[in-house]
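# Reading the structure
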Amino acid sequence: MKKIYYLLAIVLVLAPLGLISEYPAWAEWENEYYQEALGFIPQGIENAFHVKALLPDYTLSGLNDVVAYYLSGLIGIALIFGIFYLLGKKFAR
Amino acid sequence: MHIPDGYLSPLTCIATYAAALPLWVIAFKKLKEQLDETTLPLIASLSALSFIIMMFNIPIPGGTSGHAVGAALIAILFGPWVAALCVSLVLLIQALIFGDGGMTTFAANALAMGFMASFCAHYVFSKMQTKAYAPFISGWVGIVTSSIVVAILLGIQPLIATAANGEPLYFPFGLALSLPAVVGSHMLFFGIVEGIFTGLAYRYIVKNRIYKGAEV
C-alpha cells in the first residue's frame, strides 16, 4: 500500500517539468489573443466572471515559479487527502 | 482541456450542470459503497495522482500544450463512477484554488474529463482486459473521447450565441477548428501520454500488489 505514495512522491518531484511548456493550451488563451486573432474580444469572454484564485495558474506573486509549482502540488494533494479523510470519517465502513 | 469561464454560453453552462448533477449524486453513492480502510487511501492517492499528472503541460507543435488526466487509471481500478467523481473533485480544486478551468464551466469539464473519459476507458478495459496493452488503449480512448466532448461544447458556441452585430459572444471558433485542434492533438499526443501513464501506473499497482487489480 505504501508504494502508491512512492509513485505519488516521484510524480510530484518531477512536476516542475510541466513548466517547460511556454505554450498555452488550445482554447485557454489570454484575452489579448482574441484581440489579435479576431480584432475583438468576445463579450462573454471579456466580461466573464472569474473566481479569485488563491494561486492563479499555480503561481504566487513574489514566489519563484518552481517553488510555487511545488507549493501548488502540495496544497492540491493536501486538500484531496483532507477531503477523503473527512469522507472516510463520515462514511467509511 | 479545462474550459475557462466565459467560453460557454449561460445556456450551455446550465444544461451541463443539469446533466452532471444527477450523475454526481449517483457517483457519490457508488463512492460511499466502495470506501473502506483499504480503498480510501488508494482512491485518495489516485485522485492526488490525477491532480499532479495534470500539472505536466506538454508542448506540442503548433504552439499549444496539453496534459494527461489520469481518469482511466481510476476507472480501471474502481469503476467509472468513482473515477468520474474523483476527477470532478480534482477539477473543482483546480477551478477554485488555481483558476484552472472555470466554475461556470466546471460541470462541462467534469462531464468531459470526468464522466466521458471514465466510462469510455472503463468500457474499453472491460472488453480487452486480458490483453497486456489494455490499460494503454483504455487511457487513450478515455482522453480522446473526452476531448470530443470539449471540442463540441466549444465549437457549437458561435452557432448558438452571437451578438446583434453577428460577433460571437462566447467561444468564437466553430467545430471546423475546434474538432481537429482539440481532438486531433489528443489523438496524436496527449492520448499517447495518457495511455503510457495508465499502462505504467496500472502495472506498478498490480505488480506491487497495492490493489488486487481490475474491478470490472
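First, a word on scope: everything that follows refers to the structure included in this document. (Residues numbered from 1 in each chain as written. Chains lettered and ligands numbered in written order. Predicted model: local features only at pLDDT ≥ 70, side-chain atom pairs only at ≥ 80, totals over all residues. Heavy atoms only, no water.)

### Overview of the overall build of chain A
Along chain A, the regular secondary structure elements total four helices and zero strands. Start at the N end of chain A and walk to the C end: the helices and strands fall as α-α-α-α. Whereas a compact globule of 93 residues would reach a radius of gyration of roughly 12 Å, chain A reaches 18 Å, over 25% beyond that. Dimensions of chain A, computed from C-alpha atoms along their principal axes, come out at roughly 55 × 30 × 25 Å. Partitioning the intrachain contacts of chain A with sequence separation of at least 6 by distance along the chain shows that 44% fall at a separation of at least 24. Between the averaged position of the 6 positive side-chain charges in chain A and that of its 8 negative side-chain charges there is a distance of 34 Å. (Helix = DSSP H or I, 4+ residues; strand = E, 2+ residues; numbered from the N terminus. Rg over C-alpha atoms; globule rule 2.2 N^0.38 Å. Contact = heavy atoms within 4.5 Å. Lys, Arg positive; Asp, Glu negative; His and termini not counted. Charge placed at Lys NZ, Arg CZ, Asp CG, Glu CD.)

### With respect to the overall build of chain B
Regarding its fold elements, chain B presents eight helices and two strands. In terms of overall size, chain B behaves like a compact globule, its C-alpha atoms giving a radius of gyration of 17 Å where 216 residues would be expected to give roughly 17 Å. Counting only C-alpha atoms, chain B reaches 60 × 35 × 30 Å along its principal axes. Expressed as a percentage of the 216 residues in chain B, the buried residues total 63%. Contacts spanning at least 24 positions in sequence make up 74% of the contacts within chain B whose residues lie at least 6 apart. Accessible surface for chain B amounts to roughly 7800 Å². Of this, 71% is attributable to carbon and sulfur atoms. (Buried < 20%, exposed > 50% of the residue type's maximum accessible area, 1.4 Å probe, protein only. Areas by Shrake-Rupley, 256 points an atom, 1.4 Å probe, with all protein chains shown as cover.)

### Remarks on a nonpolar patch on the surface
A cluster of nonpolar residues, Met1, Tyr5, Tyr6, Ile10, Val13, Leu14, Leu17 and Ile20 of chain A, forms a patch on the protein surface that exposes about 760 Å² of accessible area. For Leu17 of chain A, the position within the fold is in the loop between helix H1 (2–14) and helix H2 (31–38). (Patch = residues over 30% accessible without salt bridge, like charges linked within 9 Å, V, L, I, M, F, W, Y side chains within 5 Å. Salt bridge = Lys/Arg side-chain N within 4 Å of Asp/Glu carboxyl O.)

### So, helix H4 (residues 80–98) of chain B
All names here are of chain B. Taking 1.5 Å of rise per residue, 19 residues should cover 27 Å, and H4 covers 26 Å from first to last C-alpha, within 8% of that figure. Burial analysis of H4 places 17 of its 19 residues in the buried class, which makes it a mostly covered element. Gly99 sits one or two residues past H4 and shows a positive phi near 60°. (Expected span 1.5 Å × (residues − 1).)

### Some points on unusual backbone geometry
Leaving glycine out, the prevailing phi sign among residues is negative, and the prevailing peptide bond configuration is trans. For Ala27 of chain A, which is not a glycine, the phi torsion comes out positive at approximately 70°. The residue Arg209 of chain B is not glycine, and still its phi comes out positive at about 55°.

### Structural notes on the side chain of His67 of chain B
Residues and elements named next belong to chain B. Counting through the fold element by element, His67 comes out in the loop between strand S2 (64–66) and helix H3 (71–78). For His67, a relative accessible area of 7% translates into the label buried. Here the side chain of His67 touches His2 through a polar contact of 3.5 Å, side chain to side chain. Residues contacting His67, with those up to four places away along its chain left out, are Met1, His2, Ile53, Met54, Phe56, Asn57, Ile58, Ile143 and Phe190. (Polar contact = N/O pair within 3.5 Å; in protein donor to acceptor, adjacent residues only side chain to side chain.)

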